[in-house]
Amino acid sequence: MATAPQATNLPLLYQDLVPLNSNEHAKWKSRMLENAKFMDGQHAIPLTIEEFVPASRNYPIIFSASETPVPLVLMGMNEGVNTFMNEEGQFDRPVYVPAYIRRYPFMLAKLRPDTDELSLCFDPTSGAVGEFKEGNDLFNGTDPSDNTKAILKFCEDFENAGAQTHAFVEELKKLDLLMDGEVSIQQEGQEKPYVYRGFKMVDENKLRELRGDAVRKLNQNGILALIHAHLFSLQLMREIFAVQVAQGKVPQISELPAN
């Protein structure tokens, strides 16, 4: 089952969050991580709408089965399984890396519940930020370095893309285009198919039944292309399933729902 980022104080992937400031971190640096072990066992990662097309070439794009659905790329058919990463925490083949992953260990977050102001924060457990001898400076004296300005810009762009993604999902809900998803995959040598549920997807029948003016609006605002990228990507579930079978990590049989 695909789940949205957990409803805790910390978002998916983050173990802790500390606001970046020149008083405490004036001499700190950021550096590239040698691996992405912070993603260990993560089977579904949030996606923004501007990433649908490139991501659809490598991953199934689904929606979480929550009251406010979140677009996700599926990296494994089961929680705790990521078929795209090896034991060293590295992608084992060239694929599109979602911005949610590339943003780590930084993000914009509210420091106080009584304000909408967002501050640049980082995960101090990541190993990517600290008092290193080598790396990129985070501050020039008390001023943010060009490196920090670039990080801030990336995080701001991500927040803007997130707002657009929320509006996209709200439009799908308004048109009643989302349905409970189910994909049945017949495994060779097994009598019963593997059935994947617990996510949402666009209902193709309802999409075909939309009035012409509604379809025209979806085409003009770019939503129709995003829907097609999502639907096209779903066929990749079978490829992920095949990889998991090869890794011995997929249940051999999943019961069909009772009639």
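What comes next concerns the included structure. For clarity, every value in this text was computed on a predicted model and none was experimentally measured.

**Quick look at the overall build of the chain**
Thinking step 1. A tally of helices and strands in the chain yields eight helices and 15 strands.
Thinking step 2. Expressed as lengths along the three principal axes of its C-alpha atoms, the size of the chain is roughly 65 × 50 × 30 Å.
Thinking step 3. By the burial criterion, 45% of the 259 residues in the chain qualify as buried.
Thinking step 4. Considering only intrachain contacts with a sequence separation of at least 6, the fraction spanning at least 24 residues in the chain is 72%.

**Section: the environment of His-25**
Thinking step 1. Mapped onto the elements, His-25 comes out in helix H1 (residues 22-25).
Thinking step 2. Look at His-25 and you get buried, because its relative accessible area is 3%.
Thinking step 3. Distance from His-25 to Glu-131, taken between C-alpha atoms, is 8.2 Å for residues 106 residues apart in sequence.
Thinking step 4. Residues within four places of His-25 in sequence aside, it is in contact with Val-18, Pro-19, Leu-20, Phe-122 and Phe-139.

**Some details on the side chain of Glu-51**
Thinking step 1. Positionally, Glu-51 belongs in the loop between strand E3 (44-46) and helix H2 (52-55).
Thinking step 2. Those residues in contact with Glu-51 that lie beyond four places of it in its chain are Tyr-96, Val-97, Pro-98, Ala-99 and Arg-102.

**What about the sheet that holds E3?**
Thinking step 1. Pairing is antiparallel in the open sheet, where five strands are placed in the order E3-E5-E4-E15-E12. Among the strands making up the open sheet, the edge pair consists of E3 and strand E12 (178-180). Averaged over all neighbouring strand pairs, the angle between strand axes comes to 45°, with direction disregarded.
Thinking step 2. Pairing between strand E4 (residues 61-64) and strand E15 (residues 199-202): two bridges, direction antiparallel. Following the sheet pairing, Phe-63 is matched in E15 by Lys-200.
Thinking step 3. Strands E4, strand E5 (71-74), E12 and E15 of the sheet are contacted by helix H4 (residues 146-174), whose axis makes an angle of about 80° with E4.

**Points about the packing of aromatic side chains**
Thinking step 1. Evaluated as defined, the whole model comprises ten aromatic pairs.
Thinking step 2. With a centroid separation of 4.7 Å and an interplanar angle of 55°, the aromatic rings of Tyr-59 and Phe-84 are classed as tilted. You can see Tyr-59 sitting in the loop between H2 and E4 and its partner Phe-84 sitting in the loop between E5 and helix H3 (99-103), a full 25 residues away along the chain. There is no split in this pair, since Tyr-59 and Phe-84 are both buried.

**Some words on the sheet that holds strand E8 (residues 129-130)**
Thinking step 1. Read from one edge of the open sheet, three strands run E8-E2-E9, paired in antiparallel fashion. Two strands bound the open sheet, and with one partner strand each, they are E8 and strand E9 (136-137).
Thinking step 2. Of the strand pairs in this sheet, strand E2 (residues 29-30) and E8 are connected by two bridges, and their pairing is antiparallel. Along E8, the bridge assignment pairs Ser-30 with Val-129.

**Considerations on unusual backbone geometry**
Thinking step 1. Between Tyr-104 and the following residue, Pro-105, the backbone shows a cis peptide bond with an omega angle of 10°.
Thinking step 2. Relative to the helices and strands, Pro-105 is located in the loop between H3 and strand E6 (106-110).
Thinking step 3. In this structure, Leu-13 takes a positive phi of about 85° despite not being glycine.
Thinking step 4. If you trace the backbone, Leu-13 turns up in the segment before strand E1 (18-19).
Thinking step 5. Under the relative-accessibility criterion, Leu-13 is labelled buried at 5%.
Thinking step 6. Phi at Asp-176 takes a positive value of approximately 55°, unusual for a residue other than glycine.
Thinking step 7. Its place among the elements puts Asp-176 in the loop between H4 and E12.

Rules used throughout
Residues numbered from 1 in each chain as written. Predicted model: local features only at pLDDT ≥ 70, side-chain atom pairs only at ≥ 80, totals over all residues. Heavy atoms only, no water. Helix = DSSP H or I, 4+ residues; strand = E, 2+ residues; numbered from the N terminus. Buried < 20%, exposed > 50% of the residue type's maximum accessible area, 1.4 Å probe, protein only. Contact = heavy atoms within 4.5 Å. Pairing = 2+ DSSP bridges. Axes fitted to C-alpha atoms, helices over the stretch in contact; angles between N-to-C directions. Phe/Tyr/Trp six-rings, centres within 6.5 Å; stacked < 30°, edge-to-face > 60°.

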